[in-house]
Number of protein chains: 2
Amino acid sequence: MSQEQTTRCIAIIGGGLIGRAWALVFARAGCDVRLWDPDQDVRARVMDELSETCRRSGDDPAALAHVTVLSSMAEAVDKVEWVQENGPENLEIKREIYAELDRLTAPQAILASSSSALVASSFAQGLAGRARILVAHPVNPPHVIPVVELCPGPDTAPEVMNRAEALMHAVAQVPVRLSREIDGFVLNRLQAVVLAEALSLIEQGVVTPLGLDDTIRHGLGRRWVFLGPMATINLNAPGGVKDYLKRYGPTMARLSDNAARGEAFSERAAQIVAAQMPAPSEVPELSLRRDALLAQLSRFLHSNN
Amino acid sequence: MSQEQTTRCIAIIGGGLIGRAWALVFARAGCDVRLWDPDQDVRARVMDELSETCRRSGDDPAALAHVTVLSSMAEAVDKVEWVQENGPENLEIKREIYAELDRLTAPQAILASSSSALVASSFAQGLAGRARILVAHPVNPPHVIPVVELCPGPDTAPEVMNRAEALMHAVAQVPVRLSREIDGFVLNRLQAVVLAEALSLIEQGVVTPLGLDDTIRHGLGRRWVFLGPMATINLNAPGGVKDYLKRYGPTMARLSDNAARGEAFSERAAQIVAAQMPAPSEVPELSLRRDALLAQLSRFLHSNN
């Protein structure tokens, strides 16, 4: 593609937390980033907020020279190769946005949604450009957590998925390509089973919320930042993963047969956990601290892996 | 306790991977470590292997001056306050070992098993000293992964659990105290549900084994080394964990109701994963590399948390 030779143009729709983090991801990779938010106040403060984000994450604020805030969606998406949409998780609003994006953008532009809750078919259906629409689901915030789930709808073209994967690699994110649409994608399906079992053990009084967190933080999670669950079990038996599943598969199968289900998401479990967690008033400050730690971890892993 | 004033004496039963890692944990904390293995060849090479472990993990080999290899179990456990047993995961052998330990040790000594598969009641039942027997389940290898699940049997005294918890803190491990015996303890129950869902998604072709691992490595796992799953969701909604569960609980409940069960541990899934993983011949070298990375991560987290 001739675009590979020149600066890549990317539109960011929405200037909230996720939209800003995406803007930084693309800007620090040298893309020309065109940001728009329907709210004029958001547009007015977005560059200052991006400077603050850089300061906290240790990113070079010079990257922000690549970001332009536009006053209309039409200007923002003009001539871009990729639109990263970060609108509200509301089906009616998403449908309206995609109808407009499909109309305003060049036919070869890819339209990617940051949605974690809605699958592409739900808002792409019926649109002429549905073959170029997918979900590119980041983890919040994507400038310090690199994984991006690429989830096609039934009409998304394989060539669009290929280009999506290549772009994510080019901007130093880690794309995970799903073969088809599935509720929760991969990441939240994995998170859901952990939360269910965790809440159930806490509600039964087997372990405290802090003990549960320590089990992951200072145990399983330590391996998983290097290896992931599959590579982990591949090293947990002399003969690799097949050997592991032969030795421990029956035990693991029994544990998962007896694992908690949806009923674990109970009011009582929520109360027990909330009683041991920092208060909601501390959430904003703790989130900033988390993001600063994640930025440091990202650099550590980059130099040690 | 007067023992707090003097050097703590610890016996390690078994000189394999786990026993050696435990020896290092206690030795670098300044304990007097007395190691015994029934196999004379293991005893003969254990100090060299410990030196090699220190070299790879960056631990000061001077700590090994605190380790003595004894030629009988009776000598090893004489006058110790804690026995860390690392025998095979075989119920008959465990019962024999604990009958002997109960006979050979001072009545106030605590007998702790590294077992991941057997609960304390299964080998402590009927012994006079069953109140001082518990499982202290480490993650392999404990000198670079600090969590230790402390799981009592029905007869384990609360005072024994208190002392166990204090000792683990004193040697810089992270104890997670369970209130009662449960199959798989906490860590393997959490691992089991992740593996089941992961293997099912892979077997269905939704995601590749490498994509699955990337989702955790470069996604969820990044947060979990700082926060754990409960502290993570406490920051994922403005009003904290209660707000999170109100907003996303129904979705997470639906996903866990539809999650994979024991049947996911299939031959077919094992084959698909094995085909994308490093070959069994690479397991020893990759395990050493993993442990070296874990040692570096441990130092990173220690200085950044």
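Residues numbered from 1 in each chain as written. Chains lettered and ligands numbered in written order. Predicted model: local features only at pLDDT ≥ 70, side-chain atom pairs only at ≥ 80, totals over all residues. Heavy atoms only, no water.

Requested: an account of the overall build of chain A, with residues and values cited.
Counting its secondary structure elements, chain A contains twelve helices and eight strands. A compact globule built from 305 residues should have a C-alpha radius of gyration of about 19 Å, and chain A, at 21 Å, falls within 12% of that. The C-alpha extent of chain A, read off along each of the three principal axes, is 55 × 40 × 40 Å. Here chain A contributes 30 positively and 36 negatively charged side chains, and the mean placements of these two sets differ by 7 Å. (Helix = DSSP H or I, 4+ residues; strand = E, 2+ residues; numbered from the N terminus. Rg over C-alpha atoms; globule rule 2.2 N^0.38 Å. Lys, Arg positive; Asp, Glu negative; His and termini not counted. Charge placed at Lys NZ, Arg CZ, Asp CG, Glu CD.)

Got a sec to walk through the side chain of S115 of chain B? Specific residues and values, please.
Residue and element names in this part refer to chain B. Locating S115 in the fold gives a position in the loop between β5 (110-113) and α5 (120-124). A polar side-chain atom of S115 sits 3.2 Å from the main-chain amide nitrogen of A117. The contact partners of S115, leaving out residues within four places of it in the chain, are E89, K94, V135, H137 and F185. (Polar contact = N/O pair within 3.5 Å; in protein donor to acceptor, adjacent residues only side chain to side chain. Contact = heavy atoms within 4.5 Å.)

Just give me the short version of the UniProt feature "domain: 3-hydroxyacyl-CoA dehydrogenase C-terminal" (unreviewed entry) in chain A, but keep the residues and values in it.
Here, the residues flagged by UniProt with the feature "domain: 3-hydroxyacyl-CoA dehydrogenase C-terminal" (unreviewed entry) are residues 184-251 of chain A. Each end of residues 184-251 of chain A is marked by a C-alpha atom, and these two atoms are 27 Å apart; helix forms 76% of the span and strand 0%. (UniProt positions renumbered as here; feature names shortened; annotations may be inferred.)

Hey, could you go over the sheet that holds strand β8 (residues 174-177) of chain A for me, with residue numbers and the actual values?
All names here are of chain A. Spatially, eight strands are ordered β3-β2-β1-β4-β5-β6-β7-β8 in an open sheet, and the strand pairing comes out mixed. Two strands in the sheet have a free side with no partner beyond their single neighbour: β3 (67-69) and β8. Direction aside, the axes of adjacent strands within the sheet are offset by 25° on average. As paired strands, strand β1 (residues 9-13) and strand β2 (residues 32-36) are joined by five bridges and run parallel to one another. Bridge pairing links C9 to D32 in β2. (Pairing = 2+ DSSP bridges. Axes fitted to C-alpha atoms, helices over the stretch in contact; angles between N-to-C directions.)

Any chance you could break down the interface of chain A and chain B for me, citing the residues and the numbers?
The interface is formed by 104 residues belonging to chain A together with 103 residues belonging to chain B. Taking both sides of the interface into account, the surface hidden between chain A and chain B amounts to around 9,800 Å²; carbon and sulfur atoms contribute 70%. Taken together, chain A and chain B are joined by four salt bridges. Measuring nitrogen to oxygen at the nearest pair gives 2.7 Å for the salt bridge that ties R189 of chain B to E197 of chain A. (Buried area = accessible area lost by both parts, 1.4 Å probe. Salt bridge = Lys/Arg side-chain N within 4 Å of Asp/Glu carboxyl O.)

Any details on the relation of the copies chain A and chain B? Residues and values, ideally.
A rotation about an axis combined with a shift along that same axis relates the two copies of the chain. Superposing chain A onto chain B takes a rotation of 180° combined with a translation of 0.0 Å along the rotation axis, leaving an RMSD of 0.0 Å. Considering both components of the superposition, the chain copies are consistent with a two-fold axis. Comparing interface residues between copies, 99% of those in chain A also lie at the interface in chain B; the contact surface is shared. (Least-squares fit on C-alpha atoms with pLDDT ≥ 70 in both.)

Please give an account of the sheet that holds β5 of chain B that cites residues and values.
Residue and element names in this part refer to chain B. Taken in spatial order, the eight strands line up as β3-β2-β1-β4-β5-β6-β7-β8 in an open sheet, and their pairing is mixed. Strands at the two margins of the open sheet, each flanked by one partner only, are β3 (67-69) and β8 (174-177). Looking at each pair of strands side by side, their axes are set apart by 25° on average, direction ignored. Here strand β1 (residues 9-13) pairs with strand β4 (residues 82-85) via four bridges, running parallel. In the strand pairing of β4, A11 is matched with V83.

So what's going on with the packing of helix α7 (residues 187-203) of chain A against helix α8 (residues 209-224) of chain B? Which residues, and what values?
Across the interface, α7 of chain A lies against α8 of chain B with an axial gap of 10 Å and an inter-helix angle of 55°. Judged by the inter-axis angle, α7 of chain A sits oblique to α8 of chain B. Considering the relative orientation of α7 of chain A and α8 of chain B, their crossing is right-handed. Here L187, L190, Q191 and V194 of chain A of α7 of chain A lie close against α8 of chain B, whose contacting residues are L212, T215, I216, G219, L220 and W224 of chain B. Here the residues of the contact of α7 of chain A with α8 of chain B sort into seven nonpolar, three polar and no charged. (Parallel < 35°, antiparallel > 145°, perpendicular 65-115°, else oblique. Left-handed = near helix turned anticlockwise from the far one by under 90°. Nonpolar A, V, L, I, M, F, W, Y, C, P; charged D, E, K, R; others polar.)

Quick one: what's the story with the environment of V186 of chain B, residue by residue and with numbers?
Residues and elements named next belong to chain B. You can see V186 is positioned in the loop between β8 and α7 (187-203). You can call V186 buried: its relative accessible area is 0%. Remark: the alpha-carbon pair of V186 and C151, spanning 35 residues in sequence, is separated by 9.4 Å. (Buried < 20%, exposed > 50% of the residue type's maximum accessible area, 1.4 Å probe, protein only.)

If you had to explain the pairing of strand β7 (residues 147-152) of chain B to someone new, which residues and values would you point to?
All names here are of chain B. With six of six residues buried, β7 is to be regarded as a mostly interior element. One ladder, built from five bridges, connects strand β6 (residues 133-138) with β7; its direction is antiparallel. Bridge pairing in β7 links V135 to C151. Relative to β8, β7 is paired through four bridges, and the arrangement is parallel. Note on β8: the bridge partner recorded for V147 is V174. A crossover connection joins β7 to the parallel β8 through helix α6 (residues 158-170); in handedness this β-α-β unit is right-handed. (Right-handed = clockwise from strand over helix to strand, strands pointing away.)

Before we move on, could you go through the pattern of salt bridges and cite the residues and values that matter?
All names here are of chain A. The full count for this structure, using the stated rule, is 36 salt bridges over all chains. Residues E85 and K94 are paired through a salt bridge, measuring 2.8 Å at the closest nitrogen-oxygen approach. For K94, a relative accessible area of 1% corresponds to the buried category. The salt bridge involving E159 is made with R163; its shortest N-O contact spans 3.6 Å. Of this pair, E159 and R163 both sit in helix α6 (residues 158-170), four residues apart, which is roughly one turn of that helix. Taking relative accessible area as the criterion, E159 reaches 44% and is therefore assigned partly exposed. By sharing partners, the salt bridges in this structure join R20, R45 and E49 into a single network.

Could you give me a rundown of the domain arrangement of chain A, with the residues and numbers involved?
The accessible area lost on association of the parts is a frequent measure of interface size. Residue and element names in this part refer to chain A. Split by domain assignment, chain A resolves into domain 1 (2-177) and domain 2 (187-304). If you average the C-alpha positions of domain 1 and of domain 2, the two centres end up 29 Å apart. Facing twelve residues of domain 1, the contacting portion of domain 2 comprises ten residues. Run the count over domain 1 and domain 2 and you get zero salt bridges. Put simply, domain 1 and domain 2 have two residue pairs in polar contact (both at pLDDT 80 or more) between them. Of all elements in the fold, only α2 (40-57) and β7 (147-152) reach the threshold of two or more residues within the side of domain 1 that touches domain 2. Here the residues of the side of domain 1 that touches domain 2 are counted per class, giving five nonpolar, five polar and two charged. (Domains from an automatic or database assignment.)

A description of the environment of M277 of chain B should follow, citing residues and the corresponding values.
You can see M277 of chain B is positioned in the loop between α11 (267-276) and α12 (283-304). A sequence separation of 67 residues divides M277 of chain B from L210 of chain B, and the C-alpha atoms of the two residues are 8.3 Å apart. In contact with M277 of chain B, not counting residues within four places along its chain, are M230, A231 and N234 of chain A together with P209, L210 and D213 of chain B.

Explain the packing of aromatic side chains residue by residue, including any values.
For the coordinates displayed, the defined rule picks out eight aromatic pairs over all chains. Between W224 of chain A and W224 of chain B the ring centres are 6.2 Å apart and the planes differ by 40°, which places this aromatic pair in the tilted class. Of this pair, W224 of chain A sits in helix α8 (residues 209-224) while W224 of chain B is found in helix α8, placing the two residues in two different chains. The class for W224 of chain A is buried, based on a relative accessible area of 0%. (Phe/Tyr/Trp six-rings, centres within 6.5 Å; stacked < 30°, edge-to-face > 60°.)

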